[in-house]
Amino acid sequence: MKNRVRIIAPAGRPQEAQATLEKCKTLLSENGFIVSVQEDIFSEHEMPYNANTREKRLKGLKDALLDPTVDIIMPIRGGYGCIQIAPDLTEIKPAGDKVLVGFSDITILHHLFNHFYNSI
């Protein structure tokens, strides 16, 4: 069973970000998932629209794609920031099949997964 989830922030930061992250981790863990979180998921400073710098958001998604212990990639929130990092992900070769959870602003990443990674 695939049950290893990586929580990332490729775009926006939720309100009450740290509390929301803890709730997500608890909910997933209580339901049998093994949870890991993107390193430096949130900037120390409040950023207007993004969870962190472009580079750190890109690194978080790349790390999840390249980590063979990650089965499910779960963005904590969408936002226009996904479109900023998508072009840099087209040459990545994911380490195994990955499931991407999300909708709305995450749709650009679904397109990327389907078109370049033949994944869902």
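Below, the structure is looked at part by part. (Residues numbered from 1 in each chain as written. Predicted model: local features only at pLDDT ≥ 70, side-chain atom pairs only at ≥ 80, totals over all residues. Heavy atoms only, no water.)

## Overview of the pairing of strand 1 (residues 4-8)
Selection rule: The buried label goes to any residue with under 20% of its type's maximum accessible area, the exposed label to any with over 50%, and the partly exposed label to all in between, with areas taken from a 1.4 Å probe on protein chains only. Helix numbering and strand numbering both begin at the N terminus, where a helix is a DSSP run of H or I of at least 4 residues and a strand a DSSP run of E of at least 2. A pair of strands is considered paired only if DSSP assigns at least 2 bridges between the two. Note on handedness: a clockwise path from strand one over the helix to strand two, with the strands aimed away from the viewer, defines a right-handed crossover.
For strand 1, the buried fraction is high: 4 of the 5 residues fall into the buried class. Across 4 bridges, the pairing between strand 1 and strand 2 (residues 34-37) is parallel. Bridge pairing links Ile7 to Val37 in strand 2. In this fold, strand 1 hands off to helix 1 (residues 17-30), which returns the chain to strand 2; that crossover is right-handed.

## Describing the sheet that holds strand 4 (residues 99-100)
Taken in spatial order, the 4 strands make up an open sheet running 2-1-3-4, and their pairing is parallel. Each end of this open sheet is capped by a strand with a single partner; those strands are strand 2 and strand 4.

## Topic: helix 1
To be explicit about the condition: Given a helix with a known number of residues, its expected span is that number minus one, times 1.5 Å. The arc in question is the one spanned by the directions pointing from the helix axis to the C-beta atoms. Note on definitions: a residue-residue contact is assigned when non-hydrogen atoms from the two residues lie within 4.5 Å.
If you check helix 1, its first and last C-alpha atoms are 20 Å apart, about what 14 residues at 1.5 Å a residue would give, namely 20 Å. Among the residues of helix 1, Ala17, Leu21, Cys24 and Leu28 are the ones counted as buried. All buried residues of helix 1 lie within an arc of 60 degrees about the axis, which places them on one face of the element. Projecting away from the buried face of helix 1 at angles above 90 degrees are the exposed residues Lys23, Leu27 and Glu30. Buried positions along helix 1 lie against strand 1, strand 2 and strand 3 (72-75). Gly32 lies just past helix 1 and shows a positive phi near 90 degrees.

## Points about the nonpolar core
What counts, and what does not: Joining through side-chain atoms within 4.5 Å is the link that ties buried Ala, Val, Leu, Ile, Met, Phe, Trp, Tyr and Cys residues into a set, and such a set is a nonpolar core.
Counting residues in hydrophobic clusters, the biggest one holds 18 residues, and the most contacted among them are Leu61, Leu65, Ile73, Leu89, Leu109, Phe113 and Tyr117. Of all the elements, helix 2 (residues 54-66) adds the most residues to this core, at 4 residues. Filtering out sequence-adjacent residues up to four positions away, Leu65 remains in contact with Ile73, Leu89, Ile92, Pro94, Ala95, Lys98, Phe113 and Tyr117. Within the second largest apolar cluster, 13 residues are counted, among which are Ile7, Leu28, Phe42 and Met74.

## Quick notes on the pattern of salt bridges
Applicable threshold: Here a salt bridge means any side-chain nitrogen of Lys or Arg lying within 4 Å of a carboxyl oxygen belonging to Asp or Glu.
Scanning all chains against the criterion turns up 6 salt bridges. Of the charged contacts, one joins Asp71 and Arg4 as a salt bridge, the two residues approaching to 2.7 Å between their closest N and O atoms. Here Arg4 lies in strand 1 and Asp71 lies in the loop between helix 2 and strand 3, a separation of 67 residues in the sequence. With relative accessibility at 5%, the residue Asp71 sits in the buried group. Between Glu22 and Lys25 there is a salt bridge, and its shortest N-O distance comes to 3.4 Å. With Glu22 and Lys25 both in helix 1, this residue pair falls 3 residues apart, about one helical turn. For Lys25, a relative accessible area of 27% gives the class partly exposed.

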